[in-house]
Each structure stands twice: as C-alpha cells, then as structure tokens.
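Here's the letter readout for the chains.
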Amino acid sequence: MELDFSILLRFQNALLLGLWMTIKLTVICVVLGCALGFLVGLARTSRSVTLRAVSSIYVEFFRGTPVLIQLFWIFFCLPLILGVELSNLTSGVIALTLYMGAITSETFRASLKSIGPEQLDACIALGLPWNIQVTNVVLPQAVLRAIPTLLSNCISLFKESALVSAVGMADLMFVGQNISNNTARPVEVLTVVALIYFVIAFPLTRAVSVIEGRILKKLAI
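Owing to the predicted nature of the structure, the values given are computational and were not obtained by experimental measurement.

The rules behind each value
- Residues numbered from 1 in each chain as written.
- Predicted model: local features only at pLDDT ≥ 70, side-chain atom pairs only at ≥ 80, totals over all residues.
- Heavy atoms only, no water.
- Helix = DSSP H or I, 4+ residues; strand = E, 2+ residues; numbered from the N terminus.
- Buried < 20%, exposed > 50% of the residue type's maximum accessible area, 1.4 Å probe, protein only.
- Contact = heavy atoms within 4.5 Å.
- Axes fitted to C-alpha atoms, helices over the stretch in contact; angles between N-to-C directions.
- Parallel < 35°, antiparallel > 145°, perpendicular 65-115°, else oblique.
- Left-handed = near helix turned anticlockwise from the far one by under 90°.
- UniProt positions renumbered as here; feature names shortened; annotations may be inferred.
- Salt bridge = Lys/Arg side-chain N within 4 Å of Asp/Glu carboxyl O.
- Core = buried A, V, L, I, M, F, W, Y, C linked by side-chain atoms within 4.5 Å.
- 1 Å grid on protein atoms, 1.4 Å probe; cavity = no way out; pocket = protein on both sides within 12 Å on 5 of 7 lines; lining within 4 Å.
- Points joined across faces, edges and corners; volume = space filled by probe spheres on them.
- Nonpolar A, V, L, I, M, F, W, Y, C, P; charged D, E, K, R; others polar.

Draft legend 1. Molecular detail of the overall build of the protein. A count of helical and extended segments in the protein gives 8 helices and 0 strands. Starting at the N terminus and walking to the C terminus, you meet the elements of the protein as α-α-α-α-α-α-α-α. The buried share of the protein, taken over its 221 residues, is 39%. Restricting to contacts in the protein with at least 6 residues of sequence separation, those with at least 24 account for 76%.

Okay, structure coming up:
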C-alpha cells in the first residue's frame, strides 16, 4: 500500500474547522468545569455532612464511569426524561463540564486543605463576610496551588473531547472520520489527526512541568 498524504491538502479547511470546534468546546468546558469544580471542592471541605455526601457521590460517579457512557446517557436518555431536545453541542458541553467538574474538584479540595486554618481564623476575627473570605483569601491561594494539576486536567479534557464525535458533533475527530470514509485513506487521515492532537497537547504538557516548577519555588519562599 502506497501512502499519499498530499490528498489531505484538499481537506485542510475542513480539518481546521474541526480543530476550531474542538478547541472551542474544550475552552467552554474548561471554564465551566473549573468553576463547578471549585464549588464542589468547597462543598467537599464543608462542615455540612449533607453537602459533603452529595458532592462526594457526584465526584465518585463521574470519576468512576466512562466519559463515553456519560455522553451517551446525556445525549440519548436525558432528553427523554426532561422532554426537551438537546443538540450534540449542548450534550457534549454538559457531559464534559460535569466530568471536568468532578476531576478538578479533587484538585481544588487538595489545594483548599493546604491553606492553613489560621488564615480562615484571621478572616473570622476581622469579621469578613463568607463571600469575601472565599473570593479574596481562599480562591487566589487555591487556584495558585492547583494550577499545575488544573493545566494537566485541561490537556486531558482536550484529548477526551474526541469522544463527542460519537454523537455526531463536527469536531476534529468527526471530520477526520468523514474524510477517511470518503477517501478510503484511513491511515493517512487518522495519522494526521493524531499528529494534530499530539502537536497541541505535547508542548502544553511540557509547559505544565515548567509552570509547576516555578510555582513550587514561589510557594517555597
């Protein structure tokens, strides 16, 4: 079999559009998932037994089940329960946001526990309202400590986003599969798609290591 990668030049615009959809989906789910993860992290460190129990069930469920099944359930089953129609984009955003929220909540929970209780005691002594304590004291320190792991989670989500092609969303993987089927050139097409994911994810992975080293030095001062 002779390989001919030049055939992909005819489909470069389609691949770029698919890549743009993948990046857009990832950014949306990262923002929403990190916000959700922080709230869940707060709930898991709360003194309320009910909050801790509910948040723990959520986290263990979404961390303990395959993302593909979560996506299928939201796309096929949730509309039947709610009686509304969900697009593949909406289903993908919901599924990946809930997954991102679950994995980042553990990151935030660990970073929240690393904040000394004396700082919260000082906030209470100063009479600061709870929302001021969270936004001005807890959140900045929690985010700083969590950045390396959060970035790793973002890279993982970027790769996991390829699963949305299973529900017909026109991301990079979906476009690659269509081109592969139409050209009967799966080796060339899927190899290039894999390389695109790698070219984006690998430098980010290296950057995470550098950022982690700098943050650890800063926290050690």
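Draft legend 2. Fine view of the packing of helix α1 (residues 12-44) against helix α2 (residues 49-64). Viewed as axis vectors pointing N to C, α1 and α2 meet at an angle of 135°, and their least axial separation amounts to 8 Å. With respect to α2, the element α1 is oriented oblique. Classified by chirality, the crossing of α2 by α1 is left-handed. Contacts from Leu36, Val40, Ala43 and Arg44 of α1 reach α2 at Leu51, Arg52, Ser55, Ser56, Tyr58, Val59 and Glu60.

Draft legend 3. Up close: the UniProt feature "transmembrane region" (unreviewed entry) in the protein. According to UniProt, the positions carrying the feature "transmembrane region" (unreviewed entry) are residues 20-40, 61-82 and 189-208. Segment residues 61-82 splits into 91% helix and 0% strand. End C-alpha atoms: 21 Å apart.

Draft legend 4. View of the pattern of salt bridges. Tallied over the entire structure, the rule returns 4 salt bridges. Put simply, Glu106 and Arg63 hold a salt bridge, and the shortest N to O gap is 3.6 Å. Residue Glu106 is located in helix α4 (residues 88-113), and its partner Arg63 is located in helix α2; the two are separated by 43 residues in the primary sequence. Using a relative accessible area of 45% as the deciding quantity, one classes Arg63 as partly exposed. Between Glu188 and Arg185 there is a salt bridge whose closest N-O contact spans 2.9 Å. Owing to a relative accessible area of 0%, Glu188 belongs among the buried residues under this scheme. The exposure class of Arg185 is partly exposed, given its relative accessible area of 22%. Overlapping salt bridges, with partners in common, bring together Arg44, Arg63, Glu106 and Arg109 in one network.

Draft legend 5. Inspection of the nonpolar core at higher detail. Residues Leu25, Leu96, Met100 and Leu157 are the most contacted members of the largest nonpolar core, which totals 28 residues. Breaking this core down by element, the ones donating at least two residues are α1, α3 (67-82), α4 and α6 (130-160). Counting residues per element, this core draws most heavily on α4, at 8 residues. Excluding residues within four positions of it along the chain, Met100 makes contact with Cys29, Val30, Gly33, Cys34, Asn153, Cys154 and Leu157.

Draft legend 6. Broad picture of the layout of surface pockets. Approximately 250 Å³ is the volume found for the second largest pocket. Considering the residues around the second largest pocket, the lining is formed by 14 residues, among which Thr26, Cys154, Ile155, Phe158 and Leu204 are closest to the centre. Elements represented by at least two residues in the lining of the second largest pocket include exactly α1, α6 and α8 (186-220). Ranked by residues supplied to the lining of the second largest pocket, first place goes to α8 with 6 residues. Across the lining of the second largest pocket, the residue classes break down as 13 nonpolar, 1 polar and no charged.

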